[in-house]
2 protein chains.
Amino acid sequence: MTARVEFLYLSEEDMIKAGVQDISSCIDIIDEVYKIIGQGDYLMGGVNGNSHGVKLQFPKESKFKNMPLDGPDRRFMAMVAYLGGRFGICGEKWYGSNVDNIEKGLPRSILMVVLNDAITGAPLAIMSANLISSMRTGASPAVGVRHLGNKDSTRLAAIGAGPISRACIRSILTESKSITELVIYDLFEDKSKHLIEQMEKEFGVKGIVAKSTEEALKESDIISVAASRLRPVNINPEFLKEGALILQTGGMTAPDDYWLNSDIVLDNPLMHKAYMEDAKRTGDAENTYKEIMGGNIYSLVDRKELPDLNEFKTLGEIALKEETYTRNKKRFTHFISGGQAVFDLGWSFEIYKRALEKNIGQKLLLWDKPAGV
Amino acid sequence: MTARVEFLYLSEEDMIKAGVQDISSCIDIIDEVYKIIGQGDYLMGGVNGNSHGVKLQFPKESKFKNMPLDGPDRRFMAMVAYLGGRFGICGEKWYGSNVDNIEKGLPRSILMVVLNDAITGAPLAIMSANLISSMRTGASPAVGVRHLGNKDSTRLAAIGAGPISRACIRSILTESKSITELVIYDLFEDKSKHLIEQMEKEFGVKGIVAKSTEEALKESDIISVAASRLRPVNINPEFLKEGALILQTGGMTAPDDYWLNSDIVLDNPLMHKAYMEDAKRTGDAENTYKEIMGGNIYSLVDRKELPDLNEFKTLGEIALKEETYTRNKKRFTHFISGGQAVFDLGWSFEIYKRALEKNIGQKLLLWDKPAGV
């Protein structure tokens with residue numbers, strides 16, 4: 001036993017070399033993490049141990065000249081977790097986000113992950129996590145397709161043509177080989193067109209640029225909604241095909257009858273409970289719900305039109321069952337997939353192990369012998 | 001403008017080279033941070049923007065074999081903040097803590113700090129933070145002495161002889177040149193003796209090993225209480241000198257009349273409010289208070305025997321006033337000094353700047369050009 005502590009640093013380039021962009025492995029890992037969530041072998045922060053994370057809430061205005069102000073996607077966030085199963089690690093993702101980054105050539109969010117020994121707390125790895133984050137976010141709806149999809153789905157619609165939507169499409173097309181048609185709708189048609197061309201090349205699907213949400217939704221078997229949480233897409237259930245699978249990774253609103261007529265499958269009911277509790281603590285839950293992915297659902301739960309969150313189906317529980325889940329072909333199936341630090345840790349740990357095997361990255365010394373002991 | 005992102009990595013040895021152990025500068029910086037808190041030019045996490053941090057709460061037992069279990073000082077924690085003034089940075093401290101580390105030759109807690117650009121969120125520095133943390137913790141009661149002390153204090157008592165108490169003593173003796181006598185009480189007399197010898201050598205004070213709390217308290221002008229939060233020291237006000245200054249950095253309980261007869265000065269009322277709210281959310285506030293430094297005060301506030309936390313004096317406001325604060329010589333003055341991420345950021349930023357100037361540490365590349373943009 002030595003008190004020397006070393007850890008691995010992985011830049012974004014190292015992460016790419018180590019395989020962070022390996023979509024099908026990422027889907028497998030996220031599937032595994034969903035099963036771990038289903039079993040309960042994990043911890044996150046907050047009073048109920050399922051908080052998404054802790055956020056610096058920038059004020060709308062300030063008398064202090066340097067204080068960062070609130071704005072679109074402006075935040076600084078830390079998401080802590082312990083992930084069990086064969087992972088057995090603590091760690092966190094933290095990031096700063098600012099829409100103005102884009103004009104500087106920077107990503108909107110700059111993310112890093114640290115993995116820590118669950119027993120001693122010593123760092124094992126610190127890594128660039130932009131690709132971890134987008135990969136795990138995209139993989140999550142694909143795990144939804146794996147367990148909730150029908151083998152014969154042929155048409156995928158994507159609402160939103162940004163980087164998260166692209167990650168979702170790539171994962172879903174990697175997972176579901178039966179899909180032959182991809183239709184994309186975005187407020188900016190040229191973005192849809194550009195993404196369609198990319199996806200046609202990568203996956204050999206037939207691409208369609210939709211002029212409206214309606215056009216995208218109708219006749220689609222699977223709908224991936226990955227629009228900005230700040231500009232939620234309104235989904236009109238009249239345009240939806242009977243029995244459609246809706247995968248919500250971004251902001252989305254729908255009329256009450258959509259939610260009441262859907263089989264809703266949650267990623268993690270306890271995280272949504274934590275969101276609801278935090279929203280209630282602000283003193284204006286209804287308004288706060290508007291900024292949260294599950295907001296519509298929470299309102300209906302508060303009004304007792306939907307049951308308590310504990311009673312919803314969860315993807316983890318469905319994934320853990322050996323038999324295949326049979327989707328109700330008369331109702332919509334809605335899978336809501338929010339961000340959870342356990343996903344970041346799962347995929348990061350896999351890439352960390354690959355980096356160690358392939359000797360990628362820089363070993364950094366924390367101390368040879370700690371000064372304080 | 002380039003999208004290249006580089007940051008500085010500082011190991012513990014680098015931190016020492018850059019001056020992390022410079023006590024008097026650290027006191028000045030922590031004083032500056034207290035003034036910034038007094039002005040309100042900072043942000044922390046949580047609903048009220050003043051949460052100490054987000055914690056992974058390990059369960060007392062678990063059916064999962066690898067899950068870390070609760071135990072003395074067992075936690076994984078992230079503390080986020082924005083610090084204004086001339087600092088203008090976001091960042092966080094995170095750490096894992098486990099009392100079993102000590103037998104492995106590791107510190108009980110293994111801490112790191114990251115500093116991020118407040119606008120873009122890009123990392124500026126990642127550093128070993130064990131010394132940051134102990135230095136800023138020790139400096140805080142010394143700032144209390146600076147603003148609440150009397151120039152003629154000659155006898156300092158320290159309750160606790162662990163590393164935090166040592167850091168407090170060093171800072172207080174650095175700040176207050178009038179102190180000629182140091183008395184230490186610890187449950188383990190040999191620890192007191194060892195620390196007394198160190199302090200006699202370093203500061204030329206006359207050292208006394210006390211056999212009891214009573215012996216330490218009586219005749220002392222300033223009392224530094226830095227015992228473990230898990231084994232709070234009970235302070236009997238009958239043993240205290242009239243007008244004594246009590247600096248609470250660790251666990252402490254006292255009978256109600258102590259608190260009612262003290263001028264209580266808080267480090268940050270809003271952080272204590274956040275502690276109280278979180279304790280109430282557990283459903284058993286009184287019991288949760290027992291594990292929190294300010295627990296006795298919170299109970300009295302709940303019972304309305306003490307006013308609302310907003311009405312307490314704060315060190316920041318006192319420090320901001322140009323005239324010297326005059327301590328009431330008939331009452332006790334109690335200063336409670338809990339951990340806040342803003343202190344970690346303040347001292348880390350200073351050391352980061354010194355490291356840059358002296359070319360200490362390793363530059364690490366996050367990316368030359370981000371993959372996702």
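Everything below is about the structure shown above.
Fair warning: this is a prediction, and the values are worked out from it, not measured in the lab.

Enquirer: Before we go on, may I ask you to explain the packing of aromatic side chains in this structure?
Expert: Geometrically, a pair of aromatic rings is defined through the distance of the ring centres and the angle of the planes. Counting across every chain of the model gives 17 aromatic pairs over all chains. On the numbers, 5.1 Å between centres and 35° between planes, the contact of A:Trp94 with B:Trp94 is tilted. Of this pair, A:Trp94 sits in strand S5 (residues 89-97) while B:Trp94 is found in strand S5 (residues 89-97), placing the two residues in two different chains. Here A:Trp94 and B:Trp94 have matching classes, each one buried. Seen in terms of ring centroids, A:Tyr258 and A:Phe332 are 5.6 Å apart; in terms of plane orientation they differ by 25°. Their pairing is stacked. One end of the pair, A:Tyr258, is in helix H7 (residues 256-260); the other, A:Phe332, is in strand S17 (residues 332-336), and 74 residues separate them in sequence. Of the two residues examined, A:Tyr258 and A:Phe332, each falls in the buried class. Among the aromatic side chains, those forming a connected cluster through ring pairs are A:Tyr34, A:Phe335 and A:Phe343. In this structure, A:Arg74 packs its charged tip against the face of A:Phe58, placed 5.4 Å from the ring centre. The aromatic ring of A:Phe87 is capped on one face by A:Arg86, whose charged end is 4.6 Å from the ring centroid.

Enquirer: Would you mind going over the nonpolar core with me for this structure?
Expert: If you look at the biggest cluster of nonpolar residues, it comprises 70 residues, and the most contacted ones within it are A:Leu115, A:Ile169 and A:Leu182. Not counting residues within four places of it along the chain, the set of residues in contact with A:Leu115 comprises A:Ile89, A:Cys90, A:Gly91, A:Ala122, A:Pro123, A:Leu124, A:Ala125, A:Met127, A:Leu345, A:Ser348, A:Phe349 and A:Tyr352. Membership of the second largest hydrophobic core comes to 68 residues, among which are B:Ile36, B:Met44, B:Leu115 and B:Met135.

Enquirer: Would you explain the interface of chain A and chain B in this entry?
Expert: How big an interface is tends to be reported as the loss of accessible area on association of its parts. Across the contact, 74 residues belong to chain A and 74 residues belong to chain B. Summed over both sides, the interface of chain A with chain B buries roughly 6200 Å², with 68% coming from carbon and sulfur. Taken as a group, A:Leu56, A:Arg281 and A:Trp367 account for 10% of the area that chain A buries against chain B, more than any other trio of residues on that side. Viewed at the interface, chain B and chain A are joined by four salt bridges. Two residues, A:Asp278 and B:Arg281, come together in a salt bridge whose shortest N-O distance is 3.6 Å.

Enquirer: So what exactly am I meant to see when it comes to the packing of helix H3 (residues 130-148) of chain B against helix H4 (residues 163-175) of chain B here?
Expert: Geometry of a packed helix pair, given as the angle between the helix axes and the separation of the axes. Residue and element names in this part refer to chain B. Running from amino to carboxyl end, H3 crosses H4 at an angle of 40°, the nearest separation of the two axes being 7 Å. Looking at the two axes, H3 sits oblique to H4. As H3 packs across H4, the resulting crossing turns out to be right-handed. Across from Ser134, Thr137, Gly138, Ala139, Pro141, Ala142, Val145 and Arg146 in H3, the residues of H4 making contact are Ile164, Ala167, Cys168, Ser171, Ile172 and Glu175.

Enquirer: Sorry if this is basic, but what is going on with the pattern of salt bridges here?
Expert: Think of it this way: side chains of opposite charge can pair up when their charged atoms draw near. Counted by the stated rule, this structure contains 58 salt bridges over all chains. A salt bridge links B:Arg281 to A:Glu277, with the shortest nitrogen-to-oxygen separation between them at 3.4 Å. You can see B:Arg281 sitting in helix H8 (residues 269-281) and its partner A:Glu277 sitting in helix H8 (residues 269-281), one on each of two chains. When its relative accessible area of 35% is taken as the criterion, A:Glu277 is described as partly exposed. Across the salt bridge formed by B:Arg86 and B:Glu32, the nearest N and O atoms sit 2.7 Å from each other. Highlighted residues: B:Arg86 in the loop between strand S4 (75-83) and S5 and B:Glu32 in helix H2 (residues 23-39), separated in sequence by 54 residues. The structure contains a network of salt bridges with shared partners spanning A:Glu277, A:Asp278, A:Arg281, B:Glu277, B:Asp278 and B:Arg281.

Enquirer: Mind showing me how you'd approach the side chain of B:Ser51 here?
Expert: Residues and elements named next belong to chain B. Checked against the element boundaries, Ser51 lands in the loop between strand S2 (42-44) and strand S3 (54-56). For Ser51, a relative accessible area of 11% corresponds to the buried category. At a separation of 3.2 Å, a polar atom in the side chain of Ser51 contacts the main-chain amide nitrogen of Gly53. Contact partners of Ser51, with chain neighbours within four places excluded, come to Met44, Gly45, Gly46 and Ala274.

Enquirer: Can you help me understand the relation of the copies chain A and chain B in this one?
Expert: Each of the two chain copies can be brought onto the other by rotation about an axis and movement along it. Taken as rigid bodies, chain A and chain B are interconverted by a rotation of 180° and an axial shift of 0.0 Å, the fit giving an RMSD of 0.0 Å. Taken together, the rotation and translation relating the two chain copies correspond to the operation of a two-fold axis. Minimal C-alpha distance to the rotation axis in chain A is attained by A:Val54, lying at 3.2 Å. Taken together, the interface assignments show that 100% of the residues at the interface of chain A recur at the interface of chain B, consistent with an identical surface on both copies.

Enquirer: It is not clear to me how the sheet that holds strand S16 (residues 313-314) of chain B should be interpreted in this structure. Could you clarify?
Expert: The strands that make up a sheet pair up through hydrogen bonds in the backbone, lying either parallel or antiparallel. Residue and element names in this part refer to chain B. Strand order in the open sheet formed by eight strands is S10-S9-S8-S11-S13-S17-S15-S16, and the pairing between neighbours is parallel. In this open sheet, the two edge strands, each paired with only one partner strand, are strand S10 (206-209) and S16. As defined by bridge partners, strand S9 (residues 181-185) adjoins S10 across four bridges and the pair is classed as parallel. What sits directly across from Ile184, in S10, is Val209. The sheet strands contacting H4 are strand S8 (155-159), S9, strand S11 (222-225) and strand S13 (245-248), and the helix crosses S8 at an angle near 165°.

Rules behind the numbers
Residues numbered from 1 in each chain as written. Chains lettered and ligands numbered in written order. Predicted model: local features only at pLDDT ≥ 70, side-chain atom pairs only at ≥ 80, totals over all residues. Heavy atoms only, no water. Phe/Tyr/Trp six-rings, centres within 6.5 Å; stacked < 30°, edge-to-face > 60°. Helix = DSSP H or I, 4+ residues; strand = E, 2+ residues; numbered from the N terminus. Buried < 20%, exposed > 50% of the residue type's maximum accessible area, 1.4 Å probe, protein only. Lys NZ or Arg CZ within 6 Å of the ring centre and 35° of its normal. Core = buried A, V, L, I, M, F, W, Y, C linked by side-chain atoms within 4.5 Å. Contact = heavy atoms within 4.5 Å. Buried area = accessible area lost by both parts, 1.4 Å probe. Salt bridge = Lys/Arg side-chain N within 4 Å of Asp/Glu carboxyl O. Axes fitted to C-alpha atoms, helices over the stretch in contact; angles between N-to-C directions. Parallel < 35°, antiparallel > 145°, perpendicular 65-115°, else oblique. Left-handed = near helix turned anticlockwise from the far one by under 90°. Polar contact = N/O pair within 3.5 Å; in protein donor to acceptor, adjacent residues only side chain to side chain. Least-squares fit on C-alpha atoms with pLDDT ≥ 70 in both. Pairing = 2+ DSSP bridges.

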